[in-house]
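Coordinate inspection notes
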Amino acid sequence: MNCVKADQLSQYVDKLLTEQENKEIEDHLANCEMCRQIVTMLEEENNFLQETLKSPTLPDDFAATILEQLEPYKPEKVKPKKRVWNRVLITAAGVALALGVSTTFSPSFAELIGGIFGKQVVDEGLKMANEAGLGERLDLSVTDKGLTFKVEDVIADTSRIALSYQVLNSKGIAKNPILNHYDPNSGNDITLYDHNGKKLEQLDSSFTQEDGYALLEYSLREHPTLEAITVKFNLTELDGVKGNWQLELPIDLKEKRKHTKTYALQDEMYSVGGVNVKLGELKIAPTSSELNYETSFAKEEMNKVEEQLDVLSQKIGKNLINEGSYDTYLGYRIVNESGESVFTHNGFIEGKGHPILDGGLQSTGKWKSETGHIMWNDSFVPSKKQEKLTFVLDGVFKTVPSDFSIKVNPNQLPDFEFEGNRIAIKDVKIDNNISLESSMTPIKNEKSLIIEMEGGRGAKASQIISWVMVDEKGKAYEVNGSSEILDEKNADGLYKTKTVLEIQDIKEVPNEFTLYAVAVTRYEELKDVWKVQLNK
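Since the model is a prediction, treat every value here as computed from it, not as a measurement.

Before going further, it helps to spend a moment on the overall build of the chain. For the chain, the count of helices and strands is six helices and 28 strands. Burial statistics for the chain: of 536 residues in total, 49% are counted as buried. Taking the contacts inside the chain whose residues are at least 6 apart along the sequence as the reference set, 68% of them involve residues at least 24 apart. Within the structure as shown, the chain displays about 27300 Å² of accessible surface, and the carbon and sulfur contribution to it stands at 46%.

Spelled out as structure tokens, the structure:
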């Protein structure tokens, strides 16, 4: 199972994807606890920002009116920041480039108070790097059709690049900064090239905005040896206006490399609960720290997984078993010398019905050829006290095959218990999905079987990740769906859960069917935590 990239999850939460892309991600989320956690974290962050950053709408001329009432701005009193480069290449004829603040507009009110890197929308790693003087003021802009595309600041190190920009009209008023460059049909393109001129493919990226500023971030974790990067903006539409805006921004990473420290951890290995753990290395850069490690099934556990997969294949058919669903991952903390948690990865706290990520920026995994063997890269906000960081393993997660099944009679819907879960099937029905097709057959009516469940589970209880349905005739069906774990507890003291399963291409409710839990995630907590000092 290949996880969705973090930038796509961010776009999913921000409702920037197409209907088809949304469906693909929702199908993945139904079977991936890790990505569901990231989506929950992003949604909570959005909700927080919406509540805390609410402010009354100001008139378009607010900044200009305020500036007219201030004493004249005297730039000689401000110590200028060092520029990263001296020139910018423009390939489109007739498009003007302005270095510094353009004389065609006044600086906005937000610019005078420090740009985006001092705002709430920016994570602590970028704020710390900016406070340490690693932020570079660029003020590079290009103008066409009365709109200026202006790249204001950049923060770069070996882990990521963060660029802030604005879209301004001729009066210096900020306009909509959304570029929709993720959409191949938008006409806007942002491409990164390495020091050899080779295009960097499939970079994890993110987009945020606040007060007319936009922040673009690109992860460099997959490219640790880069010496330089060129960011090329090729834009054909800004704020609904067609035009031509092109910039090339070269960024030198050689000097940035001096600020990154790497600590090798090859000899640190551990095995518990059927899961092997092998620590790789810790990297501490100004804007983020990264921990690389591997998880895999222990030999005995792997033998059990293979045996259970054989049994399932005989019951439901091998074609409905996705071996990528079976994985391994960790619940751990990184603490500083004072014992304070710098980063919590899949930790449990009272009041939360699911594991949490606290202090994390991004977590990605690469599946190896063997089932359950994954190379992980977790990034987190650097600590101001990071001289002695310690890895603390609290528990391990493993998603494995299961022999659990439940027979369902739609006329007598059952309740059932499973490894700390109490679940009631509330409804079984046929749902009509009407969709548009070609002009010859403009309307298509597709029917699906919908199964709705409600119940409760302990925070550390097992979780059913995927199901397969077999009808009374023995035909097996793939099951899609979604699950929700609430932070609210029911009368039994369990966290409330809601699950909706969908089985396509079924025209009527079967008289009886069986649901097989083909993938289950189990958590095993360590009695004695495993500790490793990371930066010795």
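On we go.
Tracing the sequence through the fold places Asp204 in the loop between strand E5 (189-193) and strand E6 (205-210). Since its relative accessible area comes to 10%, Asp204 is described here as buried. A distance of 3.2 Å separates polar atoms of two side chains, one belonging to Asp204 and the other to Gln362.

What follows is about the sheet that holds strand E8 (residues 228-238). Ordered in space as E5-E8-E9, the three strands form an open sheet in which the pairing is antiparallel. One side of each edge strand has no neighbouring strand; the edge strands of this open sheet are E5 and strand E9 (241-252). Taken over all neighbouring pairs, the strand axes of this sheet differ in orientation by 10° on average, direction set aside. Looking at chain direction, E5 and E8 are connected through five bridges and run antiparallel. Within E8, the position partnered with Tyr193 by the bridge is Thr230.

All of the buried residues along helix H2 (residues 19-29) are Asn22, Ile25, His28 and Leu29. Along the axis of H2, the buried positions cluster into a sector of 125°, meaning they face one direction only.

Moving on, we come to the nonpolar core. Phe149, Val151, Tyr165, Ile229, Val231 and Phe233 are the most contacted members of the largest nonpolar core, which totals 33 residues. With residues near it in sequence (within four places) discarded, Val231 still touches Leu163, Ile190, Thr191, Leu192, Leu247, Glu248, Leu249 and Ile251. With 28 residues, the next largest nonpolar core counts Val272, Leu279, Ile334 and Val532 among its residues.

Throughout the structure, instances matching the rule amount to 22 salt bridges. Between Asp139 and Lys150 there is a salt bridge whose closest N-O contact spans 3.7 Å. Note that Asp139 is positioned in strand E2 (residues 136-144) and Lys150 in strand E3 (residues 147-156), a separation of eleven residues in sequence. Like Asp139, the residue Lys150 is buried in the burial classification. Among the charged side chains, a network of salt bridges with common partners joins Asp123, Arg160 and Glu217.

The next thing to look at is the environment of Gln533. Within the element layout of this structure, Gln533 appears in strand E28 (residues 513-533). The exposure class assigned to Gln533 is partly exposed, which follows from its relative accessible area of 34%. Between the C-alpha atom of Gln533 and that of Lys388, which follows or precedes it by 145 residues, the distance is 7.1 Å. Not counting chain neighbours up to four residues away, the residues in contact with Gln533 comprise Leu265, Lys388, Leu389 and Thr390.

Here we come to the pairing of strand E4 (residues 160-168). For E4, a buried count of nine out of nine residues is recorded, marking the element as mostly surrounded by other parts of the structure. A two-sided burial pattern is seen for E4, the buried positions comprising Arg160, Ala162, Ser164, Gln166 and Leu168 on one face and Ile161, Leu163, Tyr165 and Val167 on the other. Sheet topology places E3 next to E4; eight bridges connect them, and they run antiparallel. Each bridged residue has a counterpart across the sheet, and for Thr148 the counterpart in E4 is Leu168. The antiparallel hairpin formed by E3 and E4 contains three residues in its connecting segment. Here six bridges tie E4 to strand E7 (residues 213-219), and the two strands are oriented antiparallel to one another. Paired with Ser164 across the two strands is Leu215, which belongs to E7.

When you line up the elements, Glu210 lands in strand E6. In this structure, the C-alpha to C-alpha distance between Glu210 and Pro177, residues 33 residues apart in sequence, is 9.6 Å.

Turning our attention to helix H6 (residues 299-316). Over its 18 residues, H6 extends 26 Å from the first C-alpha to the last, a length consistent with the 26 Å expected when each residue adds 1.5 Å. On its buried side, H6 packs onto strand E13 (289-297), strand E19 (390-400), strand E24 (463-471), strand E25 (476-478) and E28. Phi turns positive, to about 95°, at Gly317, one or two residues after H6.

Time to look at the pairing of E24. With nine of nine residues buried, E24 lies mostly within the body of the structure. Note: E24 against E28, eight bridges, orientation antiparallel. Looking across to E28, one finds that Val470 is bridged to Thr514. As consecutive antiparallel partners, E24 and E25 are separated by four residues, and within that stretch Gly474 has a phi angle of approximately 90°, a positive value.

A positive phi angle is found at Asn346, which is not glycine, with a value near 60°. Tracing the backbone shows Asn346 in strand E15 (residues 341-347). Note on Asn346: relative accessible area 1%, which makes it buried. Of note in this structure, Glu419 is not a glycine but carries a positive phi near 45°. Along the chain, Glu419 falls in the loop between strand E21 (415-418) and strand E22 (421-436).

Moving on to a negative patch on the surface. A cluster of acidic residues, Glu306, Glu307, Asp310, Glu323 and Glu370, forms a negative patch on the protein surface. Tracing the sequence through the fold places Asp310 in helix H6.

Given two aromatic rings, their pairing is described by the distance between the two centres and the angle made by the two planes. On inspection of all chains with the given rule, the structure shows 16 aromatic pairs. Seen from their ring centres, Tyr332 and Phe391 are 4.9 Å apart, and the 35° between their planes marks the pair as tilted. With a gap of 59 residues between them, Tyr332 in strand E14 (residues 328-335) and Phe391 in strand E19 connect regions that are remote in the sequence. Here Tyr332 falls in the buried class, since its relative accessible area comes to 1%. For Phe391, a relative accessible area of 0% corresponds to the buried category. Ring geometry for Phe404 versus Phe416: centroids 5.6 Å apart, planes at 40°, classification tilted. Placement of the pair is Phe404 in the loop between E19 and strand E20 (405-408) and Phe416 in strand E21, with a sequence separation of twelve residues. As far as burial versus exposure is concerned, Phe404 and Phe416 are alike and both buried. Cluster of aromatic residues (ring-pair linked, three or more members): Tyr270, Tyr293, Tyr332, Phe343, Phe380, Phe391 and Trp530.

How each quantity is defined
Residues numbered from 1 in each chain as written. Predicted model: local features only at pLDDT ≥ 70, side-chain atom pairs only at ≥ 80, totals over all residues. Heavy atoms only, no water. Helix = DSSP H or I, 4+ residues; strand = E, 2+ residues; numbered from the N terminus. Buried < 20%, exposed > 50% of the residue type's maximum accessible area, 1.4 Å probe, protein only. Contact = heavy atoms within 4.5 Å. Areas by Shrake-Rupley, 256 points an atom, 1.4 Å probe, with all protein chains shown as cover. Polar contact = N/O pair within 3.5 Å; in protein donor to acceptor, adjacent residues only side chain to side chain. Pairing = 2+ DSSP bridges. Axes fitted to C-alpha atoms, helices over the stretch in contact; angles between N-to-C directions. Arc of directions from axis to C-beta. Core = buried A, V, L, I, M, F, W, Y, C linked by side-chain atoms within 4.5 Å. Salt bridge = Lys/Arg side-chain N within 4 Å of Asp/Glu carboxyl O. Expected span 1.5 Å × (residues − 1). Patch = residues over 30% accessible without salt bridge, like charges linked within 9 Å, V, L, I, M, F, W, Y side chains within 5 Å. Lys, Arg positive; Asp, Glu negative; His and termini not counted. Charge placed at Lys NZ, Arg CZ, Asp CG, Glu CD. Phe/Tyr/Trp six-rings, centres within 6.5 Å; stacked < 30°, edge-to-face > 60°.

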